[in-house]
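# Remarks on the overall topology
Listed below are the residues making up each chain.
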Amino acid sequence: MKKKLLVLGISLIMCIGLFSGCSDYGYQFHYSVIGGNGEITVEDEAFLRKVNLCNEGPWCELGCPENSHVINRLGGKKGSHELTFIAIPNEGYQVKEWLFNGEIVEGNKTNSYKAKVSSEQDYNGVIAVRFEAIQG
């Protein structure tokens, strides 16, 4: 009985410690392809189970395009969260550019982009990728 109470006490202390610094802040990653010719996904498949279409619920208040998806991650005030996005161009296409919150990400024409969302972006990150035909 004493052992069970000790385990219960330790578990309670751990729970309090884990959640005492948390708040209702969350980080939202809105992502889409501009103009078609490919797809965008998240590198870590565990996040794919938590993806919603922006227009299919109350999760997006930003007026995102119809084909946008959103991932919500919990976090604390003044913190940050990062996710890596993968561009999958259709055959004959390549990444033209990545955009983060409407600004072109200079120097990144690769098939991946690591986005960081923090309080500086009001806990919202809008990630988009544009593809272009391969010139040859």
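Each remark here, short or long, concerns the structure printed above.
For the structure given in this document, a descriptive report is provided here. (Residues numbered from 1 in each chain as written. Predicted model: local features only at pLDDT ≥ 70, side-chain atom pairs only at ≥ 80, totals over all residues. Heavy atoms only, no water.)

Right, let's get into the overall build of the protein. Across its full length, the protein carries two helices and nine strands. What you see in the protein, going N to C, is helices and strands ordered as α-β-β-α-β-β-β-β-β-β-β. Burial status across the protein gives 29% buried among its 136 residues. Within the protein, contacts between residues separated by at least 24 positions form 73% of all contacts whose residues are at least 6 apart in sequence. (Helix = DSSP H or I, 4+ residues; strand = E, 2+ residues; numbered from the N terminus. Buried < 20%, exposed > 50% of the residue type's maximum accessible area, 1.4 Å probe, protein only. Contact = heavy atoms within 4.5 Å.)

So, on to the environment of E43. Its place among the elements puts E43 in the loop between β2 (38-42) and α2 (45-48). Here the alpha-carbon distance between E43 and I86, two residues 43 residues apart in the chain, equals 6.0 Å. With sequence-adjacent residues up to four places away left out, E43 is seen in contact with T84 and I86.

Next up on the list: the sheet that holds strand β5 (residues 80-89). Strand order in this open sheet of three strands is β2-β5-β8, and the pairing throughout is antiparallel. Pairing within the sheet leaves two strands with one partner each, and these edge strands are β2 and β8 (112-118). Pairs of neighbouring strands in the sheet enclose a mean axial angle of 30 degrees, with direction left out of account. Relative to β8, β5 runs antiparallel, the two being bridged by seven bridges. Paired with T84 across the bridge in β8 is K114. (Pairing = 2+ DSSP bridges. Axes fitted to C-alpha atoms, helices over the stretch in contact; angles between N-to-C directions.)

This paragraph deals with the sheet that holds strand β9 (residues 124-133). Taken in spatial order, the six strands line up as β3-β4-β1-β9-β6-β7 in an open sheet, and their pairing is mixed. Taken across any chain shown, the strands that pair with only one partner, and hence form the sheet edges, are β3 (51-53) and β7 (103-104). With six bridges connecting them, strand β1 (residues 26-34) and strand β4 (residues 69-74) associate as antiparallel partners. Note that in β4 the partner of G26 across the bridge is L74.

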